[in-house]
Amino acid sequence: MAEPGVPYFDLKAQYRALEREILAALERVCRNATFASGPEVEAFEQAFAAYCETAFCVGVNSGTSALHLALRSLDIGRGDEVITTPYTFIATAWAVTYTGATPVFVDVHPATRTLDPAGLEARITARTRAVLPVHLYGLPADMDAIQPLADAAGIAVVEDAAQAHGARYRGRRVGGLGRLAGFSFYPGKNLGAYGEGGAITTDDPALAARCRRLRDHAQSRRYYHDEVGYNYRMDGFQGAVLQVKLAHLDAWNRRRAALAARYTAGLAGLPLRLPSVPEGTQSAWHLYVVEAERRDALRAYLETEHRIATAMHYPVCLHQQAPYRHLGHRTGDFPVAEALAAACVSLPFFPEMTDTELDTVVAAIRRFYAG
Ligand SMILES: Cc1ncc(COP(=O)(O)O)c(C=O)c1O
């Protein structure tokens, strides 16, 4: 009989476990007709701010919108520069571009795959207004090194926490480490909506108020607009679903950490670079990404011989994407990011994954390198 295979990801199992709670939450939105913004979103915002240990949370319609508004709230715009890494999902850079500012890339560190502070100072100019480190795959960026450099230059740190709900850095939750943070609730995230969603967290009341206004057409009063705003509101269904799911996030993250530890033990000794978590840091383990020798052959083998699905986050660096070619970078400018793009494999990984499924993946990878 053919092997059952292992999916890369499965949201249906999570729904089956939560079905009654989710349907009750959705029904409440329908009955109360609280479809756009409203009490469900406000209740979620309060719960998520408490979870992130921040004073404020502003719910929006995507992680991209969250990052865009976070930068807009700081009055970043045309002529400004924002430093980030070329090894992230492209929306990190979109947020900068949407403001009219220019993204400036700094390579990532090979061990953490997050912004390498060693390259940061040299890229700060008189135009730099913010640093946008990405907590990639759930691992908090090296904030202790980044923040003093930003402070010395008088620029803000804005966290891209889209992949890191619940991660901790020196005991503190991500979301409260910089001036503002942007989260994504895209369905596949550690905390995923039933549609699109995102949020900004901050401790600054003025920035929170500005984000709240900007997401709702920049209205101070109904039909009175102070500046150019956006329709970036979170919808009521997402607020209701996210309240249900937030209560399970820590348990899911613990399961992710256990799965990651099992992968790391099982894959030791193979020609793979495995993820590592620095002292004092607690990853949210959004993805389990290895760098593999003969990456494409490995992926093809897993798929065709074992029906094991894998993915790549990310196969092309941002400086090599068409919208950012005008920045004038060449291959070789960001060697760590480029090497990662050439070798990364995201292994099957989701909280409902069984130990048996994980062991099947490990055994198949061992067979590939043995033969
Ligand atoms: C690192 C990172 N930044 C930003 C985003 C944008 O979030 P969204 O897809 O919700 O717009 C994502 C997720 O897709 C992401 O992974």
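Above this text you will find the structure in question.
Because the structure is a prediction, the values reported are computed rather than measured.

Here the focus is the site of the ligand. Around the ligand lies a shell of 16 residues, among which Gly63, Thr64, Asp160, Ser184 and Lys189 are the nearest. At 2.8 Å, a backbone N or O of glycine 63 approaches an oxygen atom of the ligand. The side chain of serine 184 places a nitrogen or oxygen atom 2.7 Å from an oxygen atom of the ligand. Within the complex, 93% of the 380 Å² of free accessible area of the ligand lies under protein.

Let us look at the nonpolar core. In this structure, Phe44, Phe48, Ile83, Val131, Phe183, Phe185 and Leu191 are the most contacted members of the largest nonpolar core, which totals 37 residues. Mapped onto this core, the elements with two or more residues apiece are helix H2 (39-52), helix H5 (143-153), strand E8 (180-184) and helix H7 (236-266). It is H2 that provides the largest number of residues to this core, a total of 6 residues. The contact partners of phenylalanine 48, leaving out residues within four places of it in the chain, are Cys57, His165, Phe183, Phe185, Leu191, Thr201 and Leu246. Tyr288, Val290, Phe350 and Ile365 belong to the second largest nonpolar core, which has 27 residues in total.

Okay, the pairing of strand E5 (residues 156-160) next. Residues in a regular strand point their side chains to alternate faces of the sheet. Counted residue by residue, E5 has 5 buried out of 5 residues, so it is predominantly covered. Bridge analysis of strand E4 (residues 128-131) against E5 gives 2 bridges, and the strand direction is parallel. Bridge pairing in E5 links alanine 130 to alanine 156. In this view, the connection linking E4 to its parallel neighbour E5 by way of H5 has right-handed handedness. Relative to E8, E5 is paired through 3 bridges, and the arrangement is parallel. Within the sheet, the bridge partner assigned to aspartate 160 lies in E8 and is glycine 182.

Across the interface, H2 lies against H7 with an axial gap of 7 Å and an inter-helix angle of 25°. For the element pair H2 / H7, the angle class is roughly parallel. In this structure, the crossing between H2 and H7 has a hand that is left-handed. Here H2 contributes Glu40, Val41, Ala43, Phe44, Ala47, Phe48 and Tyr51 to the contact with H7, which in turn contributes Gly236, Gly239, Ala240, Leu242, Gln243, Leu246, Leu249, Asp250 and Asn253. Class assignment for the residues of the contact of H2 with H7 results in 10 nonpolar, 4 polar and 2 charged.

Next up on the list: the packing of aromatic side chains. Evaluated as defined, the whole model comprises 20 aromatic pairs. Measuring from ring centre to ring centre gives 5.4 Å for phenylalanine 48 and phenylalanine 185, while their planes differ by 85°; the resulting arrangement is edge-to-face. Linking phenylalanine 48 in helix H2 with phenylalanine 185 in the loop between E8 and strand E9 (198-202), this pair joins segments that are 137 residues apart in sequence. Here phenylalanine 48 matches phenylalanine 185 in class, with each residue buried. Between tyrosine 301 and phenylalanine 368 the ring centres are 5.4 Å apart and the planes differ by 45°, which places this aromatic pair in the tilted class. Of this pair, tyrosine 301 sits in helix H8 (residues 295-306) while phenylalanine 368 sits in helix H10 (residues 355-370); the two residues are 67 residues apart in sequence, bridging distant segments of the chain. Using a relative accessible area of 9% as the deciding quantity, one classes phenylalanine 368 as buried. Every member of this aromatic cluster is reached through a ring pair, and the members are Phe44, Phe48, Tyr51, Phe183 and Phe185. One Lys or Arg, arginine 170, reaches over the ring of tyrosine 169 and ends 5.1 Å from the middle of that ring. The lysine or arginine in question, arginine 221, covers the ring of tyrosine 224, its NZ or CZ lying 4.0 Å from the ring centre.

This paragraph deals with the sheet that holds strand E2 (residues 81-84). Spatially, 7 strands are ordered E1-E9-E8-E5-E4-E2-E3 in an open sheet, and the strand pairing comes out mixed. Only two strands of the sheet have a single neighbouring strand rather than two, namely strand E1 (56-60) and strand E3 (102-105). Going from strand to strand, the sheet's axes swing by 25° on average, the running direction of each strand aside. Judged from the 5 bridges that link them, E1 and E9 form a sheet pairing that is antiparallel. Bridge pairing in E9 links valine 60 to glycine 198. Sitting on the sheet, H2 touches E1, E8 and E9, and the angle it makes with E1 is about 130°. H5 contacts E4 and E5 of the sheet and is inclined by roughly 145° relative to E5.

On to H5. Where H5 is concerned, the buried positions are Met143, Ile146 and Ala150. Each buried residue of H5 lies within a common arc of 65° when the element is viewed along its axis, so the set occupies one face. Positive backbone phi, at 70°, marks glycine 154, one or two positions downstream of H5.

Definitions and limits used
Residues numbered from 1 in each chain as written. Predicted model: local features only at pLDDT ≥ 70, side-chain atom pairs only at ≥ 80, totals over all residues. Heavy atoms only, no water. Near = heavy atom within 4 Å. Polar contact = N/O pair within 3.5 Å; in protein donor to acceptor, adjacent residues only side chain to side chain. Areas by Shrake-Rupley, 256 points an atom, 1.4 Å probe, with all protein chains shown as cover. Core = buried A, V, L, I, M, F, W, Y, C linked by side-chain atoms within 4.5 Å. Buried < 20%, exposed > 50% of the residue type's maximum accessible area, 1.4 Å probe, protein only. Helix = DSSP H or I, 4+ residues; strand = E, 2+ residues; numbered from the N terminus. Contact = heavy atoms within 4.5 Å. Pairing = 2+ DSSP bridges. Right-handed = clockwise from strand over helix to strand, strands pointing away. Axes fitted to C-alpha atoms, helices over the stretch in contact; angles between N-to-C directions. Parallel < 35°, antiparallel > 145°, perpendicular 65-115°, else oblique. Left-handed = near helix turned anticlockwise from the far one by under 90°. Nonpolar A, V, L, I, M, F, W, Y, C, P; charged D, E, K, R; others polar. Phe/Tyr/Trp six-rings, centres within 6.5 Å; stacked < 30°, edge-to-face > 60°. Lys NZ or Arg CZ within 6 Å of the ring centre and 35° of its normal. Arc of directions from axis to C-beta.

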